[in-house]
Amino acid sequence: MLTQTTSRVLDPGDLDAALAVLGREPVANAFVTARVQVAGLDPWRLGGEMWGWYEDGMLTSLCYAGANLVPICATPRAVRAFADRARRAGRRCSSIVGPAEATTQLWRLLEPSWGPAREVRRHQPLMVTDRMPDPALITPDPHVRRILKDEIETIMPACVAMFTEEVGISPLAGDGGLLYQARVAELVGYGRSFARLDQDGKVVFKAEIGAATAQACQIQGVWVAPEYRGQGLAAPGMAAVLRYALADVAPVVSLYVNDFNTAARRTYRRVGFQEVGAFTSILF
C-alpha cells in the first residue's frame, strides 16, 4: 500500500478507486467518466494514461493524459505532480481542458516548457439543467430529429464546419479526418446526433449528446448554419435535444460554452441552463 504522497500511472486494478474519484463530481467529470466506464484503465483501450495522485495511501486526484490533458478533482499538490510528469513526458496532447482553477494552475506550470499555446480560453461557463423549459416560453423544434446511420454524409459537412469555427483548425487535418469521422459515426450509431434539415436536405441546426453516464450527459457541437442564424432556430433546437437527453440518456444535462459567445449563453439560459462552474481550455 502507498503510504506517502506520490503519483503513478494507474492500471486496470485501480478501476474502482478511479471511478470513486470521478463520481465525486459527476457533471464536471462526465467526459472522462464515460470513457473509463467503456474502456477501463488499459491505456490502449482508453486512448491514453490515467495518472493518479495518492495521499496517505488513498487515491484522491486523477489526470487523464490522452488527446487531451484533463485534471480531475485535482488538488494543488496533485496538479504540481501531474505537471512534473507531463513535463518529463513532453507534450502529446492537442489541448489541456478541465475545471478552471486546476487547469489554470496546470498550464501556469507547463507553459514555460510547453508554450506558447495557440489559444487560451480562460473562462468557459459550465451550465446545467435537469428539466425542460417552460413550454409557454420555449417549444421544442418538432423538426429536430435523430440522424440515421445512412445519413452520416449528410451530417459530416456541418460537423466539420462547426469544429473548424469553434476550434480554429479543421478536424480533417493530420490524419485526413479519420478519427473525427469515426467519432461522428460513433455518435450517430449511438443515436446521439441530432439535426434539423431544410427542404433540400441540408443541415440548418445540429447538436450531439457527447459524453454520457448514468448520472449526467453533455451536449456538444451546437451549430446553426450561417445563413439561418438570427432566425430563432437555436433555442427550440436545443430544447428538442434536451428533451431527448433527459428522456433517453441521463437525469442531468450539461454543456460548457466560451464566455465571449454571448448569443449562445443567452440561448442556453432561455432553455433553462444555469451556470454552476467554469472550465478552462488551452489549445495547441
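Before reading on, note that the structure itself is shown above.
Because the structure is a prediction, the values reported are computed rather than measured.

A. Highlighting the pairing of strand E10 (residues 217-224). With six of eight residues buried, E10 lies mostly within the body of the structure. Here strand E9 (residues 203-212) pairs with E10 via five bridges, running antiparallel. Bridge pairing links Ala 212 to Cys 217 in E10. Joining the antiparallel neighbours E9 and E10 is a turn of four residues. Strand direction decides the pairing type here: E10 and strand E11 (residues 253-256), joined by two bridges, are parallel. Looking at the pairing, Gln 218 lines up with Ser 254 of E11. Each parallel crossover has a hand, and the one from E10 via helix H9 (residues 234-248) to E11 is right-handed.

B. Summary view of the packing of helix H1 (residues 15-22) against helix H2 (residues 30-39). Interhelical geometry of H1 versus H2 gives an angle of 155 degrees and a closest axis separation of 10 Å. In terms of their interaxial angle, H1 and H2 are classed as roughly antiparallel. Considering only the axes of H1 and H2, their crossing is left-handed. Touching Leu 15, Leu 19 and Leu 22 of H1 are Val 32, Thr 33, Val 36 and Gln 37, all from H2.

C. Region of interest: the environment of Ala 239. Within the fold, Ala 239 resides in helix H9. On the accessibility criterion, Ala 239 (0% relative accessible area) is buried.

D. Region of interest: helix H8 (residues 178-190). With 13 residues, H8 ought to run about 18 Å at 1.5 Å a step, and its terminal C-alpha atoms sit 18 Å apart, in line with that. Buried residues of H8: Tyr 180, Val 184, Leu 187 and Val 188, and no others. Projected onto a plane normal to the axis of H8, the buried residues spread over an arc of 105 degrees and lie on a single side. Opposite the packed face of H8, turned more than 90 degrees from it, sit the exposed residues Leu 178 and Leu 179. For H8, the secondary structure elements touched by its buried residues are helix H6 (152-167), strand E8 (193-197), E9 and E10. One or two residues past the end of H8 sits Gly 191, with phi positive at roughly 75 degrees.

E. Geometry of the packing of aromatic side chains. One pass over the structure, following the stated rule, counts seven aromatic pairs. Judged by centre distance (6.4 Å) and plane angle (40 degrees), the ring pair of Trp 51 and Phe 82 falls under tilted. Separated by 31 residues along the polypeptide, Trp 51 in strand E2 (residues 49-55) and Phe 82 in helix H4 (residues 76-89) bring together distant segments of the chain. Each member of the pair, Trp 51 as well as Phe 82, carries the same accessibility label: buried. Judged by centre distance (5.2 Å) and plane angle (65 degrees), the ring pair of Phe 163 and Tyr 180 falls under edge-to-face. Of this pair, Phe 163 sits in helix H6 while Tyr 180 sits in helix H8; the two residues are 17 residues apart in sequence, bridging distant segments of the chain.

F. Here's a closer look at the environment of Met 162. With respect to the helices and strands, Met 162 occurs in helix H6. With 62 residues separating them along the chain, Met 162 and Val 224 place their C-alpha atoms 8.5 Å apart. Here Met 162 is in contact with Tyr 180, Lys 206, Gly 221, Val 222 and Trp 223, once residues within four sequence places are set aside.

G. Seen up close, the environment of Val 203. Among the structural elements, Val 203 can be located in strand E9. When residues no more than four places from it in sequence are discounted, the contact partners of Val 203 are Thr 154, Ile 155, Ala 158, Ala 195, Arg 196, Leu 197, Trp 223 and Ala 225.

H. Region of interest: the sheet that holds strand E12 (residues 274-283). Within the open sheet, the 12 strands sit side by side as E1-E2-E3-E4-E5-E12-E6-E11-E10-E9-E8-E7. Their pairing is mixed. Looking along the sheet, the strands with just one partner apiece sit at the ends: strand E1 (6-9) and strand E7 (145-146). Docked against the sheet, H6 engages strand E6 (119-129), E8, E9, E10 and E12, running at close to 75 degrees with respect to E9. Where helix H10 (residues 262-271) meets the sheet, it contacts E6, E10, E11 and E12, and its direction lies at approximately 10 degrees from that of E6.

I. Structural view of the nonpolar core. One finds Met 238, Val 241, Tyr 268 and Phe 273 to be the most contacted residues of the largest nonpolar core, which totals 25 residues. For this core, the secondary-structure elements that each account for two or more residues are E9, E10, H9, E11 and H10. Examining the composition of this core, we find that seven residues originate from one element, H9, more than from any other. Beyond its immediate stretch of four places on either side in the chain, Val 241 contacts Val 144, Phe 194, Phe 205, Ala 207, Ile 209 and Ile 219. Formed by 24 residues, the second largest nonpolar core is a distinct cluster that contains Ala 28, Val 32, Val 70 and Cys 73.

Cut-offs applied
- Residues numbered from 1 in each chain as written.
- Predicted model: local features only at pLDDT ≥ 70, side-chain atom pairs only at ≥ 80, totals over all residues.
- Heavy atoms only, no water.
- Buried < 20%, exposed > 50% of the residue type's maximum accessible area, 1.4 Å probe, protein only.
- Helix = DSSP H or I, 4+ residues; strand = E, 2+ residues; numbered from the N terminus.
- Pairing = 2+ DSSP bridges.
- Right-handed = clockwise from strand over helix to strand, strands pointing away.
- Axes fitted to C-alpha atoms, helices over the stretch in contact; angles between N-to-C directions.
- Parallel < 35°, antiparallel > 145°, perpendicular 65-115°, else oblique.
- Left-handed = near helix turned anticlockwise from the far one by under 90°.
- Contact = heavy atoms within 4.5 Å.
- Expected span 1.5 Å × (residues − 1).
- Arc of directions from axis to C-beta.
- Phe/Tyr/Trp six-rings, centres within 6.5 Å; stacked < 30°, edge-to-face > 60°.
- Core = buried A, V, L, I, M, F, W, Y, C linked by side-chain atoms within 4.5 Å.

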